[in-house]
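# Topology and contacts: notes
If you want the building blocks of each chain, they are given just below.
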Amino acid sequence: MNPDEKKLYSNFEYDSALSVQQGVQQPDQVNNTYLERMRARRRDDLSVEDLVSGILHGDRTLLSRAITLVESSLHAHREKAQQVIERCLPYSGKSVRLGITGVPGAGKSTVIEALGKYLTAHNHKVAVLAIDPSSERSKGSILGDKTRMEELSVDPNAFIRPSPSAGSLGGVARKTREIITLCEAAGFDVVIVETVGVGQSEVAAHSMVDFFLLLQLANTGDELQGIKRGIMEMADMIAINKCDLDSVKAELAATQYRNALHLFPMPDSQWTVKVMLCSAYTHQGVPELWSNVMEYVTFTKANGYFYHKRQQQNLRILHETIENGLHDRFYSTPGIEERIAKMSQDILENKLSAYTAADMLLENRG
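Description of the structure in this document. Keep in mind it's a predicted model, so treat the numbers as computed, not measured.

So, how was this worked out
- Counting from 1, residues in each chain are numbered in the order their sequence is written.
- Predicted model: local features are reported for residues with pLDDT of at least 70 only, side-chain atom pairs are reported and counted for 80 or more only, and whole-chain, interface and lining totals are derived from all residues.
- Each side-chain value is worked out from all heavy atoms of the structure, with water and hydrogens disregarded.
- Think of it this way: DSSP has to see at least two bridges between two strands before they count as a pair.
- Numbered from the N terminus, helices here are DSSP runs of H or I no shorter than four residues, and strands are runs of E no shorter than two.
- Per-residue accessibility, obtained with a 1.4 Å probe over protein chains only, is compared with the maximum for each type, and a residue is labelled buried under 20%, exposed over 50%, and partly exposed between these values.
- Pairing of N or O atoms within 3.5 Å defines a polar contact, subject to two protein rules: one partner must be a possible hydrogen donor and the other a possible acceptor, and residues neighboring in sequence count only if both atoms are side-chain atoms.
- Contact criterion: two residues are considered in contact whenever any of their non-hydrogen atoms come within 4.5 Å of each other.
- Cavity and pocket criteria rest on a 1 Å grid covering protein atoms alone: a 1.4 Å probe that fits but cannot get out defines a cavity, protein on both sides within 12 Å along at least 5 of 7 lines defines an open pocket, and an atom within 4 Å of a point defines a lining residue.
- Grid points are joined across faces, edges and corners, and a volume is the space filled by probe spheres set on the points.
- Here a Phe, Tyr or Trp ring, Trp counted by its six-membered ring, pairs with any other such ring whose centre lies within 6.5 Å, and the pair is stacked when the planes are under 30 degrees apart, edge-to-face when over 60, and tilted otherwise.
- Sitting over a ring, as applied to charges here, requires NZ of Lys or CZ of Arg to be within 6 Å of the ring centre and within 35 degrees of the ring normal.

## Here's the deal with the pairing of strand β7 (residues 274-277)
With four bridges connecting them, strand β6 (residues 237-241) and β7 associate as parallel partners. When the bridges of β7 are listed, Ile-240 appears paired with Leu-277.

## Some details on the side chain of Ser-207
With respect to the helices, strands and loops of the structure, Ser-207 is situated in the loop between α10 (201-206) and β5 (211-217). You can call Ser-207 buried: its relative accessible area is 5%. Polar side-chain contacts of Ser-207 include one of 2.7 Å to the side chain of Arg-177. The residues contacting Ser-207, other than those within four sequence positions of it, are Arg-177, Gln-313 and Arg-316.

## Observations concerning the layout of surface pockets
The gaps of empty space that remain are located by a probe, the size of a water molecule, rolled over the atoms. Approximately 500 Å³ is the volume found for the second largest pocket. In terms of lining residues, the second largest pocket is bounded by 23 residues, among which Pro-265, Met-266, Pro-267, Trp-271 and Val-273 are the most central. Of all the secondary structure elements, the ones that give two or more residues to the lining of the second largest pocket are α11 (229-234), α12 (247-261), β7 and α14 (305-331). A total of three residues in the lining of the second largest pocket trace back to one element, the largest contributor, which is α11.

## Observations regarding the side chain of Ser-269
Take Ser-269: it is sitting in the loop between α12 and β7. Given a relative accessible area of 3%, Ser-269 falls into the buried group. If we skip the residues at most four places from it in the chain, Ser-269 touches Tyr-296, Phe-299, Thr-300, Asn-303 and Tyr-305.

## Some remarks on the packing of aromatic side chains
A complete count under the given rule lists six aromatic pairs for this structure. When the centroid spacing of 5.9 Å and the interplanar angle of 35° are considered together, the rings of Phe-159 and Phe-188 count as tilted. Highlighted residues: Phe-159 in strand β3 (residues 158-164) and Phe-188 in the loop between α9 (176-185) and β4 (190-194), separated in sequence by 29 residues. Relative to Tyr-296, the ring of Phe-211 has its centre 5.1 Å away and its plane inclined at 75°; by these criteria the two rings are edge-to-face. Taken together, the positions of Phe-211 in strand β5 and Tyr-296 in helix α13 (residues 286-303) put the pair 85 residues apart, joining distant regions of the chain. Here the two residues Phe-211 and Tyr-296 agree in accessibility, since each one is buried. For Lys-125, the ring lying beneath its charged end belongs to Phe-188, and the centroid distance is 4.9 Å. Between Lys-301 and the ring centre of Phe-306, over which it is positioned, the NZ or CZ distance is 5.0 Å.

Below you can see the structure in the form of C-alpha cells.
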C-alpha cells in the first residue's frame, strides 16, 4: 500500500462509524443525594425538642413521625413519645372533638369528607383519625381511608391519619387520645374520630370526644332494629344519611327515631338529642350538621358539662393506663411465657382449672 493509499485509509477509518468513539459519561445508577436523604429518614436521631418544635409549627412530617412513635410498641419509643406528649399537653385542648360512628356502609367516610371540606372552606383546620380494624389472623389493616377521602386528603388544611386498631377493645386505637393531643398542639381546631362501627367501638370513642354523631340509614328494613338503647343513649345527634335516595323513607325513619328518643331519660348534658336528614353525596344537611355541633358545644360550655366530661375522660385515661401497664408488666415478667405454656398444657390435660392457674400466675406461685 503506497503512502497515498495509507493516508486515505486512515482518514476513512477515522471518519467511519465503525471506529470506536468516545462514549458519553453515564451518571451513577443510584442517586447519592436520595440515598443520604433516605438514610437520614431511617435514622432515629430526631430529639424530643425537634419533634415538639415541628409539631407546634405545624410540620406535618414531624407530626406523623411523632404519631408513629406513639403507636410504636418499643419501650424506647414509648418513653420518647410520652415526653413529646407531656411537652405538647399545654398547647392542647382547644379543639372540638367529634366522634362519628355508624354501621358499615352508613357513609361515615363520605360524611367526614363532606364535613371536612365544608370546615376547611370556612378557615378551620381539620384532623381526621380514622381507625381501621386489624385482622385477628394477620394483625394487618387496609388503612384505606385516604383513598376514600380523595379530596380531603389533598386539602392543605386537613390531616388524615389512618391507624390500625391493633386489637384494642372496640376497634379504637389504644393511642388515639395521645394522637388527639398532638393534633391539637399542631393547630387543628377540629378533630374527627371515625370508629369501625362494630362491637364496643362506640363506647371507646365516646370516652374521648365532645360530641358523638350516630349515622343511620333508611331503606334497610325495619328502622327499629337500629334503635338500640346503648348507642342511642350515647349519641348527641342522629343523622339519617343518604336521604337523597328516598326522602319519604328517610323522613319516616327520622320520625321513628325521634319518637324513640322521647322514651329515654334526659342525658347528663341536659341536651335534647336531635335527629336530622343529610346526604354526603349532595351535601344536603352538612352545614346544619356542623351548626348543631357548635350549638351543643355552646350549650354544654354554658352549663359546665363540657368541661366536666373532659375531666371524667382524663380520669378514665388514668385507670385505663394503669390496667394496660399492669398487663404489659405481667407479660414482660422473666419466665412468664414458659410458665403459661406449662400451665396451659396442664389445663388441656384436665390437671388444673383455668381459674386456679390464673391465680397461681398472678400470685407468682407454681
